[in-house]
Amino acid sequence: MAFVTRPFIRSLSSSAALHAAIKHVTVIGGGLMGAGIAQVAASTGHSVVLVDTSEDILKKSAKGIEASLKRVVKKKFAEKPEDGEAFLQKVLKNISTNSDAVSVVQGTDLVVEAIVENLKVKQDLFGALDKVAPEHTIFASNTSSLPIADIASSTARLDRFGGLHFFNPVPMMKLVEVIKTPGTSQQTFDALFEFSKALGKHPVSCKDTPGFIVNRLLVPYMLEAVRLHERGHGSKEDIDVAMKLGAGYPMGPFELLDYVGLDTSKFIIDGWHEKDPDNPLFAPSPLLNKLVAEGKLGKKTGEGFYKHK
């Protein structure tokens, strides 16, 4: 061992740490996705810190998590309410909140980011955390559309950076897309894949391409439905009914657009169009742009393609 170099020893220790089970998770972003990820991780025995710069958002997230867990308990422990209460308290003890990400990540195994879909904001966040997080800590983004490699470029841990794309609502949706960039090590990818399984999810392997798997197929499908409607080839109501009854989809494309948020879909397609302007699947929609400009973003604003009470 006298001839083994210090970098090699550090590599061995880092490798061993990556192979160790992820126990402490830091989730950054107290919105619906971040809160959902925190809830699922805590429910499966992980120690979780939910981080947001807004104390008000953290309080709202904590209330939302508790309410969601109570619904789970009511259904899962219907005949054993005492066991349900014990489960609820155990999970809640696994979750804490904090507004200082820098202090939290110094003792974490995994950082999952679920903040605004803005590349620079994500890069700035990870760039700052990279300076203080332990060597073994894995970074992951929950982005639905931005290239993971671009986000990771602000750090010096490209081999310990990947994507974990959850779906809303996180406690209900079984799928997790695990994204491997050209720089992501196999050890990191395996750790993220096994972590997803530990959450009770069904992970699928994805390359770092636009939209990964689901959104790469789903967003162009929804936009093509809008173009079909724009051409006068079908009403939005008929298109929705046709896809539900003919293809077995639980929601039609216009219903889904309203549920996802028209601004979110526009943001995704605009980003792809900018990178690949000659791809007809990524062409912008005048109708979608008009509705977003009018503030009609879907269910969250009360009106999108449909009106919502």
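Criteria and thresholds
Residues numbered from 1 in each chain as written. Predicted model: local features only at pLDDT ≥ 70, side-chain atom pairs only at ≥ 80, totals over all residues. Heavy atoms only, no water. Phe/Tyr/Trp six-rings, centres within 6.5 Å; stacked < 30°, edge-to-face > 60°. Helix = DSSP H or I, 4+ residues; strand = E, 2+ residues; numbered from the N terminus. Buried < 20%, exposed > 50% of the residue type's maximum accessible area, 1.4 Å probe, protein only. Lys NZ or Arg CZ within 6 Å of the ring centre and 35° of its normal. Polar contact = N/O pair within 3.5 Å; in protein donor to acceptor, adjacent residues only side chain to side chain. Contact = heavy atoms within 4.5 Å. Domains from an automatic or database assignment. Buried area = accessible area lost by both parts, 1.4 Å probe. Salt bridge = Lys/Arg side-chain N within 4 Å of Asp/Glu carboxyl O.

Focus on the packing of aromatic side chains
Here comes step 1: Per the counting criterion, the structure on display carries eight aromatic pairs.
Here comes step 2: Consider the rings of phenylalanine 254 and phenylalanine 305, whose centres lie 4.9 Å apart with planes at 75°: the pair is edge-to-face. Here the residue phenylalanine 254 occupies a position in helix H11 (residues 253–260), and phenylalanine 305 occupies one in the segment after helix H13 (286–293), the gap between them amounting to 51 residues.
Here comes step 3: When its relative accessible area of 9% is taken as the criterion, phenylalanine 305 is described as buried.
Here comes step 4: Of the aromatic side chains, those joined through ring pairs into one cluster are Phe126, Phe139 and Phe161.
Here comes step 5: The ring of phenylalanine 87 has lysine 76 lying over it, and the distance from NZ or CZ to the ring centre is 5.3 Å.
Here comes step 6: Its end group placed over the ring of phenylalanine 189, lysine 180 keeps NZ or CZ at 6.0 Å from the ring centre.

Concerning the side chain of arginine 227
Here comes step 1: Assignment of secondary structure puts arginine 227 in helix H9 (residues 214–230).
Here comes step 2: Here alanine 283 takes part through its backbone oxygen, which lies 2.6 Å from a polar atom of the side chain of arginine 227.
Here comes step 3: Those residues in contact with arginine 227 that sit more than four places away from it in its chain are Pro220, Pro280, Leu281, Phe282 and Ala283.

A word on the domain arrangement of the chain
Here comes step 1: In terms of domain boundaries, the chain breaks down into domain 1 (24–207) and domain 2 (215–301).
Here comes step 2: Relative to domain 2, the C-alpha centre of domain 1 lies at a distance of 28 Å.
Here comes step 3: Counting residues at the interface gives nine residues for domain 1, matched by six residues for domain 2.
Here comes step 4: Between domain 1 and domain 2, a total of about 530 Å² is buried, with carbon and sulfur atoms accounting for 50% of that surface.
Here comes step 5: Considering only the surface of domain 1 that becomes buried against domain 2, Glu117, Ser144 and Ser145 emerge as the three largest contributors, covering 56% of it.
Here comes step 6: If you look at where domain 1 meets domain 2, you find one salt bridge.

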